[in-house]
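Per-entry structural report
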There are 2 protein chains.
Amino acid sequence: MAIDETVRLDSFRDFIREHGLKNTHQREEIARWFLGVNGHFSAEQIFAQVREIEPGIGFSTVYRTMRLLCEAGLVQERHFDKGEALYENLSAHHDHCICTECGRIEEFENDQIESLQEAAAERLGFSLVSHRLELYGLCRNCR
Amino acid sequence: MAIDETVRLDSFRDFIREHGLKNTHQREEIARWFLGVNGHFSAEQIFAQVREIEPGIGFSTVYRTMRLLCEAGLVQERHFDKGEALYENLSAHHDHCICTECGRIEEFENDQIESLQEAAAERLGFSLVSHRLELYGLCRNCR
DNA sequence: CTGGATGCAAAAAGTTTGCACGCGC
DNA sequence: GCGCGTGCAAACTTTTTGCATCCAG
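Residues numbered from 1 in each chain as written. Chains lettered and ligands numbered in written order. Predicted model: local features only at pLDDT ≥ 70, side-chain atom pairs only at ≥ 80, totals over all residues. Heavy atoms only, no water.

Counting residues at the interface gives 39 residues for chain B and 39 residues for chain A. Approximately 3,400 Å² of surface area, both sides summed, lies buried where chain B meets chain A, with 59% of it carried by carbon and sulfur atoms. Contact with chain A buries surface across chain B, with Leu-124, Phe-126 and Arg-132 of chain B losing the most and accounting together for 21% of the total. On inspection of chain B and its partner chain A, the count reaches 2 salt bridges. In this structure, Arg-132 of chain A engages Glu-134 of chain B in a salt bridge whose closest nitrogen and oxygen atoms are separated by 3.2 Å. On the surface where chain B and chain A come into contact, there are 14 residue pairs in polar contact (both at pLDDT 80 or more). Contributions of two or more residues to the side of chain B that touches chain A are made by β4 (95-99), β5 (105-108), α5 (111-123) and β6 (127-138) of chain B. Each residue belonging to the side of chain B that touches chain A can be placed in one class, and the counts come to 18 nonpolar, 10 polar and 11 charged. (Contact = heavy atoms within 4.5 Å. Buried area = accessible area lost by both parts, 1.4 Å probe. Salt bridge = Lys/Arg side-chain N within 4 Å of Asp/Glu carboxyl O. Polar contact = N/O pair within 3.5 Å; in protein donor to acceptor, adjacent residues only side chain to side chain. Helix = DSSP H or I, 4+ residues; strand = E, 2+ residues; numbered from the N terminus. Nonpolar A, V, L, I, M, F, W, Y, C, P; charged D, E, K, R; others polar.)

See below:
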């Protein structure tokens, strides 16, 4: 995990360099923090966390850097059932199971479902690029 | 479909009455229009359409009525990959296949996937209430 | 008549943009 | 030094709310 984080951070630095951009302090700190966590965070949460490390940081820089991380293919922006965007590290693919009561999010993967999806898209004449599967229900503690 | 629409409209009227609310002109027109269409519409689109029938209508009334329709279980609010909310009639369950190029949305259903989802949720200790499955890809015309 | 519903405008919430200054390269 | 990046504030977009008035029951 620490290793993976380092690899991903390097991959972000490469992305920056390859695109003729600059590797600033702020980008470095946002990426370092975000690539090291698991879960789903809003821009506001990321801002709050990174501000503890880099006090002068601005909101826009968070948005701008998160967009960069998305373009670099390291992060994905998601909209669960609210309007607000949540960012998530993109590594191995997985789907989400969300508790409607307490908001707890579990991740899972299921190859059988994946291949049925592929087939379903094909039947509609689509070539499948990606998908989104979210299960909503009550978790162990809430039901 | 015309029959179904009438049933659903009556069901909305019942919901209103049972909750001690009032069956206003505006609610009636919004519900009548929306329950009669297929597809996914933003508040703005609904507003524009209903305004042709009921010119004086306000934006807030659209939002308020759509919320009522959701509470009545007749409509669902969805967020595809943008922040903006889209409303959809909730009748038979189906999932969505979305073209990332032209935005075309196809609906489908697949019982095999449904039961695998049930099993996957169970394995995580969740009792499944609902789910959301969206396939993204290129449609026949765009690929 | 009376309380909920409406339309408007203002406020919120979330996100983007313009701009002058600052700092990587 | 040049030009991209930053922070700030203002603008924008989408949705919600406060309030005076209106109208359904």
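All names here are of chain A. We note that the domain assignment places domain 1 (3-89) and domain 2 (95-137) within chain A. In this structure, domain 1 and domain 2 have C-alpha centres spaced 25 Å apart. Counting residues at the interface gives 6 residues for domain 1 and 7 residues for domain 2. Here domain 1 meets domain 2 over a buried area of about 570 Å², counting both sides, of which 51% is carbon and sulfur. Considering only the surface of domain 1 that becomes buried against domain 2, His-40, Arg-78 and Phe-80 emerge as the three largest contributors, covering 66% of it. Taken together, domain 1 and domain 2 are joined by 1 salt bridge. (Domains from an automatic or database assignment.)

Below, the discussion takes up the packing of aromatic side chains. This model, assessed by the stated rule, comprises 10 aromatic pairs over all chains. When the centroid spacing of 5.4 Å and the interplanar angle of 70° are considered together, the rings of Trp-33 of chain B and Phe-41 of chain B count as edge-to-face. For Trp-33 of chain B, a relative accessible area of 17% gives the class buried. Pairing Phe-59 of chain B with Tyr-63 of chain B gives two aromatic rings, centres 5.8 Å apart and planes at 25°, and the pair type is stacked. Of this pair, Phe-59 of chain B and Tyr-63 of chain B both sit in helix α4 (residues 59-71), 4 residues apart, which is roughly one turn of that helix. An aromatic cluster of three or more residues is present, and its members are Trp-33, Phe-34 and Phe-41 of chain A. (Phe/Tyr/Trp six-rings, centres within 6.5 Å; stacked < 30°, edge-to-face > 60°. Buried < 20%, exposed > 50% of the residue type's maximum accessible area, 1.4 Å probe, protein only.)

Okay, the environment of Gln-76 of chain B next. Residues and elements named next belong to chain B. Tracing the chain through its elements places Gln-76 in strand β2 (residues 75-78). Taking the relative accessible area as the measure of exposure, Gln-76 reaches 28% and is therefore partly exposed. Distance in space between the C-alpha atoms of Gln-76 and Tyr-87 is 5.7 Å, their sequence separation being 11 residues.

With that out of the way, let us pick up α4 of chain B. Residue and element names in this part refer to chain B. Compared with the 18 Å implied by 1.5 Å per residue over 13 residues, the 19 Å span of α4 between its first and last C-alpha is a close match. For α4, every residue scored as buried is listed here: Val-62, Thr-65, Met-66, Leu-68 and Leu-69. Down the axis of α4, the buried side of the element spans an arc of 155°, and every buried residue falls inside it. Exposed and oriented more than 90 degrees from the buried face of α4 are Arg-64, Arg-67 and Glu-71. Immediately downstream of α4, the backbone of Gly-73 shows phi near 80°, a positive value. (Expected span 1.5 Å × (residues − 1). Arc of directions from axis to C-beta.)

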